[in-house]
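# Breakdown of the fold
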Amino acid sequence: MTGDADRADDVPHDVRAALSQLLDRAGRAAEAGDAETAAALLDTAATVAANKLSPGDRRDRIRRGCEAARAALPDGALAAAYADAAAARLSTG
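Note that residues are indexed from 1 along each chain, following the sequence as it is written. In keeping with the predicted nature of the model, local features appear solely for residues at pLDDT of at least 70, side-chain atom pairs appear and are counted solely at 80 or more, and the whole-chain, interface and lining totals rest on all residues. The basis for the side-chain values is all heavy atoms of the structure; hydrogens and waters are excluded.

### Brief notes about unusual backbone geometry
Note that the residue after L73, namely P74, is joined by a cis bond; omega there is 15°. Where helices and strands are cited, they refer to DSSP runs of H or I of at least four residues and of E of at least two residues respectively, numbered from the N terminus. Relative to the helices and strands, P74 resides in the loop between α3 (57-72) and α4 (76-88).

Here it is in structure tokens:
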């Protein structure tokens, strides 16, 4: 953990739920070959992370994960793996 601001329990429930849903849907869209929808969902997830998470390692890693997933498109499997990795950062510090 890099500090109290990065503790998993510091992520508001509604923000955690929104990001989880966005990243899950982005991964599924990418795997289904819908790169346009996946990109839009990843952009939204990155914006939510930037605006709703406290500054720190978690926010930075989620945003970078969204960017990496978007850059991996149209490789759906790779983009989905990046989206899953970004989602995993919601529960770790």
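### Observations regarding the packing of α3 against α4
Two numbers describe how α3 lies on α4: the axes approach to 8 Å, and their chain directions differ by 175°. In this view, α3 runs roughly antiparallel relative to α4, as classed from their interaxial angle. On the side of α3, the interface is formed by I62, G65, C66, A68, A69 and A72, while α4 contributes L78, A79, Y82, A83 and A86. For this classification, Asp, Glu, Lys and Arg are treated as charged, while Ala, Val, Leu, Ile, Met, Phe, Trp, Tyr, Cys and Pro are nonpolar and the rest, including Gly, are polar. Classifying every residue of the contact of α3 with α4 gives ten nonpolar, one polar and no charged. Each axis is a line fitted through C-alpha atoms, and for a helix only the stretch in contact is used; angles between axes span 0 to 180 degrees, taken between their N-to-C directions. With respect to orientation, any angle under 35 degrees is reported as roughly parallel, any angle over 145 as roughly antiparallel, any angle of 65 to 115 as roughly perpendicular, and every other angle as oblique. Only heavy atoms matter for contacts: two residues are in contact if any of them lie within 4.5 Å across the pair.

### A few points about the confidence of the model for the protein
For every residue, the predictor states its confidence as a pLDDT score lying anywhere from 0 to 100. Averaged over every residue, the pLDDT of the protein is 91; residues scoring 70 or more account for 89%. In this model residues 1-6 is a low-confidence stretch, pLDDT under 50, and it forms 14 contacts with partners more than four residues away in sequence or in other chains.

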